[in-house]
Amino acid sequence: MPPDSDKASRETRTTPGSHSPLRRALSRLRRNRLAMLGFWILVVLYGAAIFADFLAPYHYAASARKKAYHPPMITWIHFSDEDGLRWPYIRNSAFEFDQNQRKVYRETPGATYPIGVFVTGDRHRFLGLIETRLHLFGLRGVENISENDPNRPMLFLLGSDSFGRDVLSRLLYGSRVSLSVGLIGVAITFVLGMLIGGASGYFGGRTDMFIQRLCEMLMMMPAFYLLLALRAAIPADWSSFETYLAIVVILSFIGWASLARIIRGLVLSITEMDYVTSARAMGVPHSRIIIRHVLPNTLSYAVVAATMSIPGYILGESGLSLIGLGIQDPEASWGNMLALAMDIAQIRFHPWILIPGVLIFIAVMAFNYIGDGLRDALDPHGVQQ
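Residues numbered from 1 in each chain as written. Predicted model: local features only at pLDDT ≥ 70, side-chain atom pairs only at ≥ 80, totals over all residues. Heavy atoms only, no water.

Draft legend 1. Here's a closer look at the overall build of the protein. Within the protein, the secondary structure is distributed over 14 helices and four strands. At 27 Å, the protein has a C-alpha radius of gyration far larger than the 21 Å of a compact globule built from 385 residues. In terms of overall dimensions, the protein has C-alpha extents of about 85 × 70 × 40 Å along its principal axes. For the protein, the residues scored as buried account for 41% of the 385 residues in total. Taking contacts inside the protein between residues at least 6 apart in sequence as the whole, the part at least 24 apart equals 69%. In the form shown here, the protein has an accessible surface area of approximately 21,100 Å², with 64% of it arising from carbon and sulfur atoms. (Helix = DSSP H or I, 4+ residues; strand = E, 2+ residues; numbered from the N terminus. Rg over C-alpha atoms; globule rule 2.2 N^0.38 Å. Buried < 20%, exposed > 50% of the residue type's maximum accessible area, 1.4 Å probe, protein only. Contact = heavy atoms within 4.5 Å. Areas by Shrake-Rupley, 256 points an atom, 1.4 Å probe, with all protein chains shown as cover.)

Structure representation (structure tokens):
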């Protein structure tokens, strides 16, 4: 082949138009700064949830009962003493009442407790498999102090709650519930909505009529009140894990109808395509046509819709836990941690109890940014870049 022809061939193979649609979509997504910001925020949040046992300095139920509503200890960390610079440490603290009868925490003189890395603490299972007591950070020199001591030294980087439990540790453990409920719930909704909506649009007739009337019945019910009614059917003596699974199923049961209706509309147009007609003429089973030829052409919309619906599951779980119908104490979720903020007076004097709400807001916004980015990147009528 002449050199000029070879060069032209290489240029043809490397032109942007020769890239697959998926590569072009990923390229557009990477150039969306808000979408990538949301992506990396979620990477951090889900990474923290996966390694919560190791990252948290304490178990979610560990407490010092005489240190309720202890303020964050960021400013309590010392880097020097009378001898000069030294390794970061804290002193123990105790409360007293000021002239306005407000509880004020002050450092107590005496022993110091260095902040260590890779310290021995509460027993846990790393990744749910390896039993260990190793934590990323914590206090050293507290090994001989009983865990039942109500005034034991604890490192409250983000403060403590009404029971003297570390807010940071509970946030990390709670992220497992609040973040996973969205992923598991949307996975169930995704499967139900795709299959039921696909069958409705493909078969039509009485099947379509029955499924659409069922969807309309679910969609016309106020979602939150339906959620409360279904939650009331869960036995009160169920464990938190059983309650958690029930909440996921309930949220999924409510959410699939709207997705199924939209998928049905997409399938109605796809079934008129020539390749679907040819498959039917060749005697290909209906189930194979739906799963292999029809539903894949709705994936671009379904992926965006699933991503955008995850915040609804997070807010649904948080709302139930906030009013005491979801995850119960001492188990942690961002929703039941935020229940302390229902008392306005507590927000005024202990503003750190709003931190779970801030994390819920950040997670919801991150999913929305990614959903918007995916919608733009997967839009076949968008600008080709």
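Draft legend 2. Structural view of the nonpolar core. Counting residues in hydrophobic clusters, the biggest one holds 44 residues, and the most contacted among them are Leu42, Leu179 and Trp334. Of all the secondary-structure elements, those providing two or more residues to this core are helix H2 (21–30), helix H3 (33–50), helix H5 (167–203), helix H8 (240–270), helix H11 (299–322), helix H12 (334–338) and helix H14 (355–378). Tallying contributions element by element places H14 first for this core, with nine residues. Excluding anything up to four places from it in sequence, Trp334 contacts Leu171, Gly174, Ser175, Ser178, Leu179, Pro356, Leu359, Ile360 and Ala363. Residues Ala52, Tyr58, Tyr60 and Leu155 belong to the second largest nonpolar core, which totals 24 residues. (Core = buried A, V, L, I, M, F, W, Y, C linked by side-chain atoms within 4.5 Å.)

Draft legend 3. Molecular detail of the packing of helix H7 (residues 223–232) against H8. Two numbers describe how H7 lies on H8: the axes approach to 10 Å, and their chain directions differ by 140 degrees. Once H7 is placed against H8, the crossing between them reads as right-handed. Mapping the contact onto sequence places Ala223, Leu226, Leu227, Leu230 and Arg231 in H7 and Thr243, Ile250, Leu251, Phe253 and Ile254 in H8. A class-by-class count of the residues in the contact of H7 with H8 yields eight nonpolar, one polar and one charged. (Axes fitted to C-alpha atoms, helices over the stretch in contact; angles between N-to-C directions. Left-handed = near helix turned anticlockwise from the far one by under 90°. Nonpolar A, V, L, I, M, F, W, Y, C, P; charged D, E, K, R; others polar.)

Draft legend 4. Representation of a nonpolar patch on the surface. A grouping of Ile50, Phe51, Leu127, Leu129 and Ile130 is seen on the molecular surface, where their side chains present a nonpolar patch of about 500 Å² in accessible area. Note on placement: Phe51 falls in the loop between H3 and helix H4 (52–55). (Patch = residues over 30% accessible without salt bridge, like charges linked within 9 Å, V, L, I, M, F, W, Y side chains within 5 Å. Salt bridge = Lys/Arg side-chain N within 4 Å of Asp/Glu carboxyl O.)

Draft legend 5. Examining the packing of aromatic side chains more closely. For the structure shown, the criterion picks out nine aromatic pairs. Members of the aromatic cluster, each reached through a chain of ring pairs, are Phe51, Phe54, Phe118 and Phe126. In this structure, Arg86 is placed above the aromatic ring of Tyr89, and the distance from its NZ or CZ to the ring centre is 4.0 Å. Residue placement shows Lys103 over the ring face of Phe95; its charged tip is 4.7 Å from the ring centre. (Phe/Tyr/Trp six-rings, centres within 6.5 Å; stacked < 30°, edge-to-face > 60°. Lys NZ or Arg CZ within 6 Å of the ring centre and 35° of its normal.)

Draft legend 6. Structural context of the sheet that holds strand S1 (residues 78–81). One open sheet accounts for four strands, arranged S1-S2-S3-S4; its pairing is antiparallel. Across the chains shown, the open sheet's two edge strands, defined by having one partner strand only, are S1 and strand S4 (130–139). For this sheet the average axis-to-axis angle between neighbouring strands, irrespective of direction, equals 55 degrees. As defined by bridge partners, strand S2 (residues 84–97) adjoins strand S3 (residues 103–126) across eight bridges and the pair is classed as antiparallel. Bridged to Phe97 within S3 is Lys103. (Pairing = 2+ DSSP bridges.)

Draft legend 7. Fine view of H8. Taking 1.5 Å per residue as the helical rise, H8 with its 31 residues ought to reach 45 Å, and the 44 Å between its terminal C-alpha atoms agrees with that figure. Residue Trp256 marks the point of greatest curvature in H8, where the axis turns by about 30 degrees. (Expected span 1.5 Å × (residues − 1). Bend = angle between axes of the 7 residues up to and from the residue.)

Draft legend 8. Examining the pairing of S3 more closely. Hairpin geometry of S2 and S3 is characterised by an intervening segment of five residues between the two adjacent antiparallel strands and by a positive phi of about 60 degrees at Gln101. In the sheet, S3 pairs with S4 via eight bridges, with the strands oriented antiparallel. In the sheet register, Val117 faces S4, and the bridge partner there is Phe137.

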